[in-house]
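Summary of structural features
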Amino acid sequence: NAGVTQTPKFQVLKTGQSMTLQCAQDMNHEYMSWYRQDPGMGLRLIHYSVGAGITDQGEVPNGYNVSRSTTEDFPLRLLSAAPSQTSVYFCASSSPVGYTFGSGTRLTVV
Amino acid sequence: KNEVEQSPQNLTAQEGEFITINCSYSVGISALHWLQQHPGGGIVSLFMLSSGKKKHGRLIATINIQEKHSSLHITASHPRDSAVYICAVSPNYNQGGKLIFGQGTELSVKP
């Protein structure tokens, strides 16, 4: 089925570990973005990309890296996980006609 | 002050009631989005609006660009409509996939 695929769905990390959240879309959308969702804070933009090879920071970029080597993939890297990065992460792709969100990754950092 | 404000934050309704959720924004926008999130679930895009009104089933979304205000209406509400409804805007100053979100409205529809 067409859409945005996020993996993994759940992850527990120890403080200081690194990991990559994967995001792939098969709709040939130019724009992709990563958000985190925290209770009481709503959804906040981490990083976004307007096309392959182009990325930019959002509202809360610290502690995260992204790259966009292909139109389809937009991985989010946690360099050294911290408890403050415990959250639910959503990837989205978009075109001029609208947004499609992935199913989310629930990350716990202990 | 948040750039996107929703009201109410919480709403409880009886099955069959007509429901309205409001969204006001303070930035220039190219589009406004209404999203739905069921408990523990993913996010689904319901509407994208740049003017006027859109209808899908029992859901109606309207936008008034001059007043910077949008409403989401649910007619004949049903318990399966229980979810968080999120208003988000695509700001004019950024054309590249950036959304600014409201805090969400948690709707509970009782049978």
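From a predicted model like this one, the values you see are computed outputs, not experimental measurements. (Residues numbered from 1 in each chain as written. Chains lettered and ligands numbered in written order. Predicted model: local features only at pLDDT ≥ 70, side-chain atom pairs only at ≥ 80, totals over all residues. Heavy atoms only, no water.)

Turning next to the overall build of chain B. Each helix and strand counted, chain B has 0 helices and 11 strands in total. Helices and strands appear in chain B in the N-to-C order β-β-β-β-β-β-β-β-β-β-β. Based on the C-alpha atoms only, the size of chain B along its principal axes is roughly 45 × 30 × 25 Å. Within chain B, contacts between residues at least 6 apart in sequence are counted, and of these 55% link residues at least 24 apart. In the form shown here, chain B has an accessible surface area of approximately 5,300 Å², with 49% of it arising from carbon and sulfur atoms. Within chain B, the 7 negative side-chain charges are centred at a point lying 7 Å from the centre of the 9 positive side-chain charges. (Helix = DSSP H or I, 4+ residues; strand = E, 2+ residues; numbered from the N terminus. Contact = heavy atoms within 4.5 Å. Areas by Shrake-Rupley, 256 points an atom, 1.4 Å probe, with all protein chains shown as cover. Lys, Arg positive; Asp, Glu negative; His and termini not counted. Charge placed at Lys NZ, Arg CZ, Asp CG, Glu CD.)

What follows concerns the sheet that holds strand β8 (residues 76-78) of chain A. All names here are of chain A. Reading across from one edge, β1-β3-β8-β7 is the order of the 4 strands in this open sheet, with antiparallel pairing throughout. Each end of this open sheet is capped by a strand with a single partner; those strands are β1 (4-7) and β7 (64-66). Between one strand and the next, the sheet's axes are offset by a mean angle of 20°, whatever the strand orientation. Direction of pairing for strand β3 (residues 19-25) relative to β8: antiparallel, over a ladder of 3 bridges. Note on β8: the bridge partner recorded for Met19 is Leu78. (Pairing = 2+ DSSP bridges. Axes fitted to C-alpha atoms, helices over the stretch in contact; angles between N-to-C directions.)

The subject of this paragraph is the interface of chain A and chain B. Often, the extent of an interface is quoted as the loss of accessible area upon association of its parts. If you look at the interface, chain A gives 20 residues, while chain B gives 18 residues. It is Leu43, Tyr99 and Phe101 of chain A that lose the most area in chain A upon contact with chain B, and together they represent 40% of the buried surface on that side. Linking chain A to chain B there are 0 salt bridges. Applying the counting rule to chain A against chain B returns 1 residue pair in polar contact (both at pLDDT 80 or more). Listed by contribution, the elements that provide at least two residues to the side of chain A that touches chain B are β4 (31-38), β5 (42-51), β9 (87-95) and β10 (98-101) of chain A. Here the side of chain A that touches chain B gets 6 residues from one element, more than from any other, and that element is β5 of chain A. Residue classes in the side of chain A that touches chain B are distributed as 12 nonpolar, 8 polar and no charged. (Buried area = accessible area lost by both parts, 1.4 Å probe. Salt bridge = Lys/Arg side-chain N within 4 Å of Asp/Glu carboxyl O. Polar contact = N/O pair within 3.5 Å; in protein donor to acceptor, adjacent residues only side chain to side chain. Nonpolar A, V, L, I, M, F, W, Y, C, P; charged D, E, K, R; others polar.)

Checked against the element boundaries, Lys14 of chain A lands in the loop between β2 (10-13) and β3. Look past the residues within four positions of Lys14 of chain A in its chain and what remains in contact with it is Ala81, Val109 and Val110 of chain A.

Counting 24 residues, the largest nonpolar core has Leu32, Trp34 and Val89 of chain B as the members making the most contacts within it. If you list the elements that add at least two residues to this core, you get β3 (19-25), β4 (29-37), β5 (43-49), β7 (59-64), β8 (69-74), β9 (83-91) and β11 (105-110) of chain B. Counting 18 residues, the second largest nonpolar core, distinct from the first, contains Leu21, Met32, Ala81 and Leu107 of chain A. (Core = buried A, V, L, I, M, F, W, Y, C linked by side-chain atoms within 4.5 Å. Buried < 20%, exposed > 50% of the residue type's maximum accessible area, 1.4 Å probe, protein only.)

For the rest of this paragraph, the subject is the pattern of salt bridges. All names here are of chain A. According to the stated counting rule, one finds 3 salt bridges over all chains in the structure shown. The partner of Arg36 in a salt bridge is Asp38, and the shortest N-O contact between them spans 2.8 Å. With a relative accessible area of 8%, Arg36 lands in the buried category. One salt bridge in this structure joins Asp38 and Arg44, with 2.9 Å as the shortest N-O distance. Of the two residues examined, Asp38 and Arg44, each falls in the buried class. Counted as one network, the salt bridges with shared partners bring together Arg36, Asp38 and Arg44.

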